[in-house]
Every structure is written in structure tokens, then in C-alpha cells.
Amino acid sequence: PLYSSAASDVYKRQEVFIMFGNKILDFKDELLKDLNTLLSFESVDGEKNDECDNALNFILKRAEDFGLTGERTTDKSGHITLGDSGKLCGVLTHLDVVPAGNSWSVPPYALTEKDGRLYGRGIADDKGAALVTLYCLKAIKDSGVKGVNTLRAIYGTGEETGMEDMENYFKKNPLPDMAFTPDSDYGICFAEKGILQLEVSTLLNNATTLSQFHAGRAVNAVPDRAYVMLDSSDYDEQTLMRLADASDGDFEFNYTIDGLMIISRGKAAHACEPDKGYNAAAALVDLISNVYTTKETGSICSFIDYAINKETNGRSLGLKMSDAVSGSLTVNLSSVNIEGQTAKAVFDIRYPVTVSGNRVLKQFKKVAKISDLKVTVLNHEEPLYADKDSKLVKLLSDAYESVTGEKAELYSTGGGTYARMLGGHGVAFGPAFKNDDVRMHNADESMDKENFFKHAQICLEAMYRMFTDGE
């Protein structure tokens, strides 16, 4: 024989090992049916908490249907566990989504298949991957695999609003020995920039001409629509219209009983890549600041104009910086709310992994002080910088290569995932492929259908290897 009995057994084990990820394809129709249900929940944390509950309850109920052990551990988190020995291996996903926003060509809270793509809010971030994780557990259980480790799928419903869900989860539950979160791109994200989300405000709205300004609902998204109300003269209105025509913005002028309303339309994008969008709020501030004085528009608009304007690199804030590991700092104007005595704006800053977050905050406050603005830290997440040579990275690399036939690229991101909650024992891994414009945090969020199931195969392969790979 070409192989000894022992060698033949090793060969057979390797062959099964490499092909295990394909088993997820046995559940394609059932998975898509459940995905339609999961996407139907408008699970926006802080706005639709009951829908967040519905999404988590749905996952746990389906786990029960599959004969898996699920548990709701806090108000905003739960897990499903397979096995009870060895290392604790985790896969973390979230069931909350950012608001749908505007300009969808299909219903945002449903699964739509069109032109080879799967559409719906959360299909890429992160409900699609969350449901795949459940079906991976089902595939492993149904195959009768005897693992040497404990495999745990962990679900949260507050990732988009600061990850307090996972902070509370890990107060009650142990950190995994190794874990990944399919909430980014392929290959393997070993570094995530620091995240500073800041609010600037005034005690009193001191604008004399501007009565209202509203834009943005999600702190981690580029606002695609904004509007302002102005008590303006005919001369000012003509000047504004001429400037609007000459600009690269998309503006609409309406006359109301309360004054002139200007609507600004832009393009949404994830706050970690603000240059991929067009900030409707920043464009509107730029327009009105060319016509009105600081006194007329107020301190908030004045600050946005001189410290941010339409920049995304922090140059005017004195924060333009980068490093070789994770790239450049970015700044996103996330929201503006001015009405009555309320005047505030929110910013999302992603800073390089080798930079001190306190240094960034100190500089931001220094510039805001010029306009006598109060700065409040809404959320601060320290950077993640994982070991490129860890056993986890090798395991995930091998799983990726076994399905795709390609080496997994190591990369960094400005996005923030549950990986930074794992004490260096986890990384982000999938589900989006870099040649696929999934439009996270944008209208018409979607994934190529073939890529969706390729991710499912990779995810199952990785989970199988974690479950069965002892020392």
C-alpha cells in the first residue's frame, strides 16, 4: 500500500478536516428563510429595544429547536454552547443594527434577493453572520463531531451603541481562551484603531438667525440628510442659492411659516471610513457659514466650520496623524441637534493604534475651548493590537485557505468590533470580502450571495477547527 495504516488514518482525517466547511451548504434554504425573519426586526439599540429583544429571543428559540443549549445571560446578551471541556472558544456577533436611513431601493427590514445579491439592514453587519454562526453549531452537532474544546456563540444587542452589552456579559461570564468576531472584512484584522466618540455642547443656544439644525441618528455613521431653519432676508436667500449651485452639495430650499428651510442630502457611510460618504451636515454648515456670522449661526456651527468643515482627517483640529500599523486618524461629524435651548453635535474619531487616546482628547478639547464649548466623552474604546503569530491567527488562516485556496491577508481597520473586548485573545475575521461593496451603515446594505455562503463555509471550517483542535 502507498500508506501505512496510521498514515492513511491521518490522511483521511485531514481530508475530512479540510472539507467540513461545505456541510453548511446543506442548510442553505432553511438559513435564508430564517434570515428573512431575523432581518425583519428593526433592532436599533436605544430606539427599538423591544425589537432587539425579539432578535435575541429568535436566535435562542431557533437554538432550542436545533437541540442546542442556549441561555440569555443579561438584558442585552446571550450565548449558545456546544461541548463542556478543554478551552473555551468563542464566536461573537451582534444582532443590533444602525437605523435604516434613507434612499433604499428595497425594503430595509426584509431579505430581498436581486441580481445575485442579498439585501437588508444587517445582512453584512452583523445579522447575517450571527445567523450563520448558529447554523454552524447546528452543522457540527448534527454531524456528531466529538470536540475536545467548548464552542460558544455569543450574541449581543448593543454593539452599535458602545458595546456595553459585552462589558456586562463578561462581568458574568469568562473570557474565551480564543475567539473571533465575523464583523469586519476578510482576511484577519489584527489591529483596530482607538475610538473616541465626543459630544460638544453649549449651555444655551446662542444662534440669532438659525432656529433649528438637525442631522444624523447614529454616532458611527456619516449622516446622509440634514436640514436647517433660518430667519433670513431675501438677499441672504439669493446668496445662499448661488453658493449652493456652485457647490458640490445637493441642497433643496423650501419657504415655510417659520422661515427658510434648507435640506442637505449626502451619502451615508461607516464612520470608520467617512471619506467614502458625503456628510450632509458638514456640507450644510459650510454653506450657511459662508453667508452668516458666528453670532447668527451660533457656537456649534462656528466650531464645526473652523475645526472640521468638510475634512475627515482632523487637520484643522491639529489631529492629522497616522502610523504604519493602522493608518490615518479620521474624524466624522455624526450628528447636529440645535433647537430651542439645545445646541450640541457629536463626533466620531478613530485614532491610530500607537497613539494615546488621551492625547487626542486633550487636543480636541483645546480647540473646542476657543468657542467655549463643553466636551463630553460618550464612549472611548482603546485600540486593539493582537499577536500576528498566535495560534488563533494560524487556525483562522488555515480555515480561510482551505475554503478559498488563498492566503489570508493580515490587515488593520478603523472599525470597532467585539474583538477589542477580548483581552488580546480575539480578532475580527470576515464576513465581507474586499471585492464586495456591502455598503455597511449605508442604504441598500447587501452581500453577494455566493460570498455570503463562502463566508458560511469559512466560518464553519474555523469553528470546527477550534472545537476539535486540542493541544
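Preceding block: the structure.
Below or above, wherever it landed, is the structure these notes cover. Being a predicted model, the structure only gives us computed values, none of them experimental. (Residues numbered from 1 in each chain as written. Predicted model: local features only at pLDDT ≥ 70, side-chain atom pairs only at ≥ 80, totals over all residues. Heavy atoms only, no water.)

1. Observations concerning the sheet that holds strand E4 (residues 112-114)
One open sheet holds the three strands; their spatial order is E4-E5-E24, and the pairing between them is antiparallel. Looking along the sheet, the strands with just one partner apiece sit at the ends: E4 and strand E24 (446-448). Between one strand and the next, the sheet's axes are offset by a mean angle of 25°, whatever the strand orientation. In terms of strand pairing, E4 meets strand E5 (residues 117-119) through three bridges, oriented antiparallel. Residue pairing in the sheet places Lys 114 in a bridge with Arg 117 of E5. Against the sheet, helix H12 (residues 449-468) contacts E4, E5 and E24, and its axis sits at roughly 80° relative to E24. (Pairing = 2+ DSSP bridges. Helix = DSSP H or I, 4+ residues; strand = E, 2+ residues; numbered from the N terminus. Axes fitted to C-alpha atoms, helices over the stretch in contact; angles between N-to-C directions. Contact = heavy atoms within 4.5 Å.)

2. Focus: the pattern of salt bridges
Tallied over the entire structure, the rule returns 25 salt bridges. The closest approach of N and O atoms between Lys 449 and Glu 113, which form a salt bridge, is 2.9 Å. Here Lys 449, found in helix H12, pairs with Glu 113, found in strand E4; they are 336 residues apart in sequence, far enough to count as distant. For Glu 113, a relative accessible area of 48% puts it in the partly exposed group. Between Asp 398 and Lys 394 there is a salt bridge, with its nearest N and O atoms 2.8 Å apart. Of this pair, Asp 398 and Lys 394 both sit in helix H11 (residues 391-404), separated by four residues, roughly a single helical turn. The exposure class assigned to Asp 398 is partly exposed, which follows from its relative accessible area of 26%. Lys 394 sits in the exposed class, given a relative accessible area of 53%. (Salt bridge = Lys/Arg side-chain N within 4 Å of Asp/Glu carboxyl O. Buried < 20%, exposed > 50% of the residue type's maximum accessible area, 1.4 Å probe, protein only.)

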